[in-house]
Every structure is written in structure tokens, then in C-alpha cells.
Amino acid sequence: MALFRTKKAVLTAATAVMALALSACGGSSGGGGGSSASAAPYQVATNVSLTGSPTFDKIKSAGKVTIGVKQDQPGLGFKDAATGEYSGFDIEIAKWMAASLGYGADKIDYKAIPSANRESAIQNGDVNFYIGTYSITDKRKQLVDFAGPYFVTGQGLLVKKSNTAINSEKDLAGKTVCSATGSTPIQNIKANFPQTKTTEFDTYSQCVEALKNGQADAVTTDQAILLGYAAQEPDALKVVGQPFTTEKYGIGVPKGDTALRKFFNDKLTSGKDTWQKIYDSTLGKSGTKVEQPAVDNY
Ligand code: GLU
């Protein structure tokens, strides 16, 4: 009975991440950018009434929605160099939210914004909102607001396949770890791993280069991101250890735009089937089922 219950238990995000790791080991195309087909044709809403949202007013007068994203994170937010098309879990969430506001895929402008520039891009109005592995934190909440969370993952480690010295975060003393400027993982390393050296770049793909050319011993960021890189180069890279923080991804919106934040929260809450389709067609390609996290940032 107990066994039966265990088997039926809902998998946590961490378990899913491990399943993705297995799929990465198996050389699956996993998060490799691959197909840019949408998870679902999202219903483009008509006559959306969203009173009291300055952001929605701006979107309406522009006739399009500008969404801040990542472009170098396969499986999450990835721009195909050849076609210019964006794909991944975050991109699908972005398409879904845009459609809910009344804007189809042809009315979305994606703007790639690196981790350190997200708050300023939202504050300056360079983007209407931001969807790109953006952890909800109290510090960021002083500058922007968040809807969500719409996904939960945790900080992990990517090393060269040949590396036998680093098997978890416990092995980082004396090592050089690379992460993105302004990210929660680099802040965690600086604050809690005093014997670890850091090197940082604007983006994680630059860190992956630094890892491959020996400038860094490991790349650290959310496991969901690292698994995408490992899946692209399974013979060269591997994810090690278990997630050692909790990262809750939110949709970053301009501070004070409560109407828009609540609108997104309502869509996420009432759209569980859509969320599941998006997950299954992107991060969940390994076949592992994960449930949508509860939206608690009302
Ligand atoms: N989720 C973490 C953060 O928001 C790391 C990933 C990223 O930099 O986008 O800082």
C-alpha cells in the first residue's frame, strides 16, 4: 500500500529535474532547441477588459506586446540562430500570456535581456513584462512585481563530463565557478561558499564556453537551465548533484501594476491543462510528469 502510494505520489520539480538529467545522459535531444512548434494553439482572447493596468494601456496603444526573455537557454528560452525563432518552456508561457491579453504570436516582440538587466528593463518600460527563468525574491520585489510562480527548480552544477572531482556543491572549495552577473546563484556562491572563486558573464552560454575552455571548473545556475546545456552536448558536459536552493520562477511586471499581476495569476491558476501541455512539450519531453506549482504571489 505504502509502495503504491509512493509510486502514485506527485513528482516534485527536483525529481523531474533528475529525470531530465537521465534523458540528457541518454543523449536525447531534450532541451536542444529543436522544434519551435507551439505546445498548443493558444486562444487569442477578444475584448479583454483589464482596467487599471498602465502596462496593458501601453500594449494596446503599441498594438503589440514586448516581452523580455532569454535567448541562449535551450529548453527554456532559446533563439534559433538560423531561423530567428524562439522556443522553450518560458517562450510558450509568454505566448500563452500574450494570447490571454489578446495578442497572437505575430504580435509579440521578444527582447533578450540578460539576468542583471531585468529589473531596469521592466522599470524603464523596455519590456512590458519579463518571462525568463526569473526567480521571485524579496530583493527584486522592491523594484518589480511578480506573478506566479509558474515553475520551481533549484541551483545546480554543470561540469565537464571528464570531471570526477566535483560531484556536488560540497566539492567547490578552491574551485572556480561561473555564473551570470546579477543572478541568484552567483549571489549564493559569494555569500555562502567563501572558499569558492567566481567568474561571471552576462549569460550562461558564455559560462559554458568558459567551462569548456578551462577558465571555470563548473557552471552554476538553475538545474533546469543546466540540463538544457547538457542535453545539447551530452558527450562533453554533465549535471552533478542535487538542486541545493529553491528557485521559483515568476513573471516580472512593473511595480504597482497589480491588475496585470492578478490577471496573469488568474490565467495561470485557471489554465492548468494549458500549463501541462506546455510543460509536456518542452521540459517534460523526458516523459516525466510534473504538476504546476500553486500560484501564491497574489
Ligand atoms: N533563476 C535564477 C535568477 O533569477 C537564475 C537564472 C537566471 O539568471 O535567469 O537569478
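Predicted model, so just to flag it, every value in this text is computed and none were measured. Once a new chain begins, its residue numbering starts again from 1 and follows that chain's sequence as written. Only residues with pLDDT of 70 or above have their local features reported here, since the model is predicted, and side-chain atom pairs are shown and tallied only from 80 upward, although totals for entire chains, interfaces and linings are computed over all residues. The basis for every side-chain value is the complete set of heavy atoms in the structure, and neither hydrogens nor water enter the calculation.

A. Structural view of the site of the ligand. What makes a residue near a molecule or strand is one non-hydrogen atom of that residue sitting within 4 Å of it. Close to the ligand lie 16 residues; Lys 70, Ser 115, Thr 133, Tyr 204 and Asp 222 are nearest. Note that a nitrogen atom of the ligand is positioned 2.7 Å from one of the side-chain N or O atoms of Ser 135. Per-residue and other accessible areas follow the Shrake-Rupley method at a 1.4 Å probe size, with only the shown protein chains counted as cover for residues. A total of 270 Å² of accessible area belongs to the ligand in isolation, and the protein chains cover 100% of it. For the shell around the ligand, the secondary structure elements donating two or more residues are helix 7 (184-192) and strand 11 (218-222). Three classes are used: nonpolar for Ala, Val, Leu, Ile, Met, Phe, Trp, Tyr, Cys and Pro, charged for Asp, Glu, Lys and Arg, and polar for all others, with Gly counted as polar. Split into classes, the residues belonging to the shell around the ligand amount to five nonpolar, seven polar and four charged. Identification of polar contacts relies on pairs of N or O atoms within 3.5 Å, with a donor-acceptor requirement for protein atoms, meaning one able to donate a hydrogen and the other able to accept it, and with residues adjacent in sequence counted only if both atoms are side-chain atoms. A helix here means a DSSP run of H or I that spans at least four residues, while a strand means a run of E at least two residues long, and both kinds are numbered starting from the N terminus.

B. View of unusual backbone geometry. Cis geometry marks the peptide bond from Gly 148 to Pro 149, where omega comes out at 0°. Within the secondary structure layout, Pro 149 lies in strand 7 (residues 144-153). Within the chain, Asn 47 stands out as a residue other than glycine whose phi angle is a positive 50°. Within the secondary structure, Asn 47 sits in the loop between helix 2 (13-25) and helix 3 (54-62). In this scheme, a residue with accessible area under 20% of its type's maximum is buried, one over 50% is exposed, and one in between is partly exposed, where area comes from a 1.4 Å probe on protein chains only. On the basis of relative accessible area, Asn 47 is assigned to the exposed category, the value being 76%. Its identity is not glycine, yet Thr 133 carries a phi of approximately 45°, on the positive side. The exposure class assigned to Thr 133 is buried, which follows from its relative accessible area of 5%.

C. Quick look at helix 10 (residues 258-270). The span one expects for a helix is its residue count, reduced by one, times 1.5 Å. With 13 residues, helix 10 should reach 18 Å at 1.5 Å per residue; the first-to-last C-alpha distance of 18 Å fits that figure. What helix 10 keeps buried is the set Leu 260, Arg 261, Phe 263, Phe 264, Asn 265 and Leu 268.

D. Seen up close, the environment of Glu 200. The residue Glu 200 is located in strand 10 (residues 197-201) in this model. Here the alpha-carbon distance between Glu 200 and Ile 186, two residues 14 residues apart in the chain, equals 8.0 Å. In what follows, a contact means two residues having at least one pair of non-hydrogen atoms within 4.5 Å. Among residues more than four places away in sequence, those in contact with Glu 200 are Ser 179, Thr 181, Ile 186 and Lys 190. For Glu 200, the side chain forms a polar contact with the side chain of Thr 181, separated by 2.9 Å. Within polar-contact distance, the side chain of Glu 200 engages the side chain of Lys 190 at 2.7 Å.

E. Quick look at the nonpolar core. Each nonpolar core is a collection of buried residues, namely Ala, Val, Leu, Ile, Met, Phe, Trp, Tyr and Cys, held together in the definition by side-chain atoms within 4.5 Å. Ranked by size, the top nonpolar core spans 54 residues in total, and within it Phe 89, Leu 101, Phe 129, Tyr 150, Ile 251 and Phe 264 carry the most contacts. With residues up to four places along the chain from it excluded, the contact list for Phe 129 reads Ile 59, Val 65, Thr 66, Ile 67, Gly 68, Leu 101, Ile 251, Gly 252, Val 253, Leu 260 and Phe 264. If you look at the next biggest cluster of nonpolar residues, it comprises 10 residues, including Val 159, Ile 166, Ile 189 and Ala 218.

F. Focus on the sheet that holds strand 2 (residues 72-73). Strand order in the open sheet made by the three strands is 2-3-4, with antiparallel pairing throughout. Either end of the sheet is taken by a strand with one partner, and the two such strands are strand 2 and strand 4 (86-87). At least two bridges found by DSSP between two strands is the condition for calling them paired. Note: strand 2 against strand 3 (residues 77-79), two bridges, orientation antiparallel. Looking at the pairing, Gln 73 lines up with Gly 77 of strand 3.

G. Broad picture of the pairing of strand 9 (residues 176-180). By the criterion of burial, strand 9 is predominantly enclosed, with five of the five residues buried. Residues of strand 9 alternate between two faces, with Thr 176, Cys 178 and Ala 180 on one and Val 177 and Ser 179 on the opposite face, all of them buried. Across five bridges, the pairing between strand 9 and strand 10 is parallel. Bridging from a neighbouring strand, Ser 179 pairs with Glu 200 of strand 10. A clockwise course of the path from the first strand over the helix to the second, judged with the strands pointing away from the viewer, identifies a crossover as right-handed. Handedness of the strand 9-helix 7-strand 10 crossover: right-handed. Here strand 9 pairs with strand 11 via two bridges, running parallel. Directly across from Cys 178, in strand 11, lies its bridge partner Val 219.

H. Spatial organisation of the packing of aromatic side chains. Within 6.5 Å between ring centres, the rings of Phe, Tyr and Trp (the latter by its six-membered ring) count as paired, and their orientation is classed by plane angle as stacked under 30 degrees, edge-to-face over 60, tilted in between. Considering all chains together, one arrives at 14 aromatic pairs under this definition. Taking 6.4 Å as the distance between ring centres and 25° as the angle between the ring planes, the aromatic pair formed by Phe 151 and Tyr 279 counts as stacked. Within this pair, whereas Phe 151 is found in strand 7, its partner Tyr 279 is found in helix 11 (residues 272-281), the two being separated by 128 residues in sequence. Assigned by exposure class, Phe 151 and Tyr 279 land together as buried. Put simply, the rings of Phe 89, Tyr 150, Phe 151, Tyr 249, Trp 275 and Tyr 279 pair up and form one aromatic cluster.

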